[in-house]
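Descriptive analysis of the structure
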4 protein chains.
Amino acid sequence: MHLSCAMSLLAAARAAAERLGVTVSISIVDAAAWPMAFIRMDGCPLGAVEVSHKKARTAILFQMDSADFATIAHPDGGAYSLENTNGGLTSFGGGVVLKGVDGTIMGAIGVSGASTEDDIAIARAAATRLAA
Amino acid sequence: MHLSCAMSLLAAARAAAERLGVTVSISIVDAAAWPMAFIRMDGCPLGAVEVSHKKARTAILFQMDSADFATIAHPDGGAYSLENTNGGLTSFGGGVVLKGVDGTIMGAIGVSGASTEDDIAIARAAATRLAA
Amino acid sequence: MHLSCAMSLLAAARAAAERLGVTVSISIVDAAAWPMAFIRMDGCPLGAVEVSHKKARTAILFQMDSADFATIAHPDGGAYSLENTNGGLTSFGGGVVLKGVDGTIMGAIGVSGASTEDDIAIARAAATRLAA
Amino acid sequence: MHLSCAMSLLAAARAAAERLGVTVSISIVDAAAWPMAFIRMDGCPLGAVEVSHKKARTAILFQMDSADFATIAHPDGGAYSLENTNGGLTSFGGGVVLKGVDGTIMGAIGVSGASTEDDIAIARAAATRLAA
């Protein structure tokens, strides 16, 4: 994935947040989990900065959305404590795998700062654009 | 928030602790989570030093009292693992957001060393003074 | 500093890097050292991601360009070991304080990935735009 | 050392800083290196928060002022790398041991945010008051 692509995903996510009337932090990582681009919208709670990055990191490290990761990395899940590996991962939604039109995994996006439901919707709005 | 304000909040919290007959650590952070002022009362358990700071940090980073944070950042909450971000946060009461008369968020106070109920009461005694 | 401002500084720095024919990571932090925006240009060495952030952080935490910080935080400087505080700071150039037209400190920019000379030139190209 | 004593030392250091026209962070630790009281004066660079604490910690952990510690914990000193123990120590002045009238070590004060010369003068102004 090129920076130009990451930037257009950031812009798509930001536009989705503005449509919902919320302010979030948005992180894009590449297929090797390295940061590509990040923004924090004005007014977003500061704690969301790191959370947005960890959501993206969680999604790419296990190649699943962080909402799915949450069902296994939980005291009642099949892989409890997995969330405590890799520097700490995120067991709730808002991290979404980015796939190309042919299904190739290209990276992940993490959104944090609004409700988990809105964070997920914003991340998916960007991810959908990529797969279209 | 100026230091003079933080110092008077510290004094108000300390007075509230003395009225309750308990000894606590009290931390004040600004709106960007940076430490402004701190005291540890004589006899306060040493572990409370860091806890008081993390309570204040939790409150300001997510703009909610740490008692409310506890309901979401919990294995049964909607954002399990959130407590493990930002250097480790505090999922129980005693961290309270500090708001001005007009509702502007000015920082947060964290109190630790007594029962959680007393810690909360002490933090609120200071926060109420600011909003009055 | 608003996100729109940080984004235009990122664009200015990126354009300066393209004119020099180099690829860098660029981080913008606000006046309280919190990340606002970040990009990694295609081809930039991965180690530069964290370095760009630490350069910006160094500049804002001590209100001086990281090239000046380097003269004091050095075995032969007056504050040896200062570079090992605050999570690790950066004792070479490429972190530049961002000031408004009236001299108010608004944040900092950190650039890493090219030669230190080019990193500094790129950071200053953005900072100059803000002060103009 | 009681909190009331630490608070009067903080006030003495703050008054000394105001006389010099500088803004600093001031940390007091007890004889076991545990934080007792802290303030950050309005306008003090944010990086000084942690440095003030590490200066006080350095002084009490090795029972010598951090300016003296600097002569041994340095690449050219007799105990190079000592500065990298205990979570990171501070090899320059501004951390001063607090002794009672009879010479008993009671804790330490750390001052950071101005020139090293001023930081030292401020810390000594408080320490002198205690020994008087």
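Residues numbered from 1 in each chain as written. Chains lettered and ligands numbered in written order. Predicted model: local features only at pLDDT ≥ 70, side-chain atom pairs only at ≥ 80, totals over all residues. Heavy atoms only, no water.

- Looking at an unreviewed UniProt entry, one finds chain A named Heme-binding protein, with Komagataeibacter xylinus NBRC 13693 as its source organism.

1. Quick notes on the sheet that holds strand 1 (residues 25–30) of chain B
- Pairing is antiparallel across the open sheet formed by eight strands, whose spatial order is 3(B)-4(B)-1(B)-2(B)-2(D)-1(D)-4(D)-3(D). Either end of the sheet is taken by a strand with one partner, and the two such strands are strand 3 (95–99) of chain B together with strand 3 (95–99) of chain D. Averaged over all pairs of adjacent strands, the angle between their axes in this sheet comes to 15°, without regard to strand direction.
- When strand 1 (residues 25–30) of chain D meets strand 2 (residues 35–40) of chain D, the two strands line up antiparallel, connected through five bridges. Looking across to strand 2 of chain D, one finds that Ser27 of chain D is bridged to Phe38 of chain D.
- Each of strand 3 and strand 4 (105–112) of chain B is contacted by helix 4 (residues 116–131) of chain B, which is oriented at about 5° to strand 3 of chain B, the strand it contacts most.
- Here helix 2 (residues 48–62) of chain D sits on the sheet and contacts strand 2 (35–40) of chain B together with strand 1, strand 2, strand 3 and strand 4 (105–112) of chain D; the angle it forms with strand 4 of chain D, its principal contact strand, is near 150°. (Pairing = 2+ DSSP bridges. Helix = DSSP H or I, 4+ residues; strand = E, 2+ residues; numbered from the N terminus. Axes fitted to C-alpha atoms, helices over the stretch in contact; angles between N-to-C directions. Contact = heavy atoms within 4.5 Å.)

2. Regarding the relation of the copies chain C and chain D
- Between chain C and chain D, the superposition needs a rotation of 90° and an axial shift of 0.4 Å, giving an RMSD of 0.1 Å. Here the symmetry operator amounts to a four-fold rotation axis. Residue Pro75 of chain C, judged by its C-alpha, is the member of chain C lying nearest the rotation axis, at 4.9 Å. (Least-squares fit on C-alpha atoms with pLDDT ≥ 70 in both.)

3. Some words on the relation of the copies chain C and chain A
- Overlaying chain C with chain A gives an RMSD of 0.1 Å, the required rotation being 180° about an axis along which the chain moves by 0.1 Å. What the rotation and shift describe, once combined, is the action of a two-fold rotation axis. Among all C-alpha atoms of chain C, that of Phe38 of chain C lies closest to the rotation axis, at 2.5 Å.
- The share of interface residues of chain C whose copies in chain A are also at the interface is 100%, consistent with both copies meeting through the same surface.

4. Brief notes about the interface of chain C and chain D
- Counting from both sides, the interface comprises 15 residues of chain C and, opposite them, 18 residues of chain D.
- Taken together, both faces of the contact between chain C and chain D bury some 1,200 Å²; the carbon and sulfur share is 56%.
- Inspection of the region where chain C meets chain D yields zero salt bridges.
- In this assembly, chain C and chain D are joined by six residue pairs in polar contact (both at pLDDT 80 or more). (Buried area = accessible area lost by both parts, 1.4 Å probe. Salt bridge = Lys/Arg side-chain N within 4 Å of Asp/Glu carboxyl O. Polar contact = N/O pair within 3.5 Å; in protein donor to acceptor, adjacent residues only side chain to side chain.)

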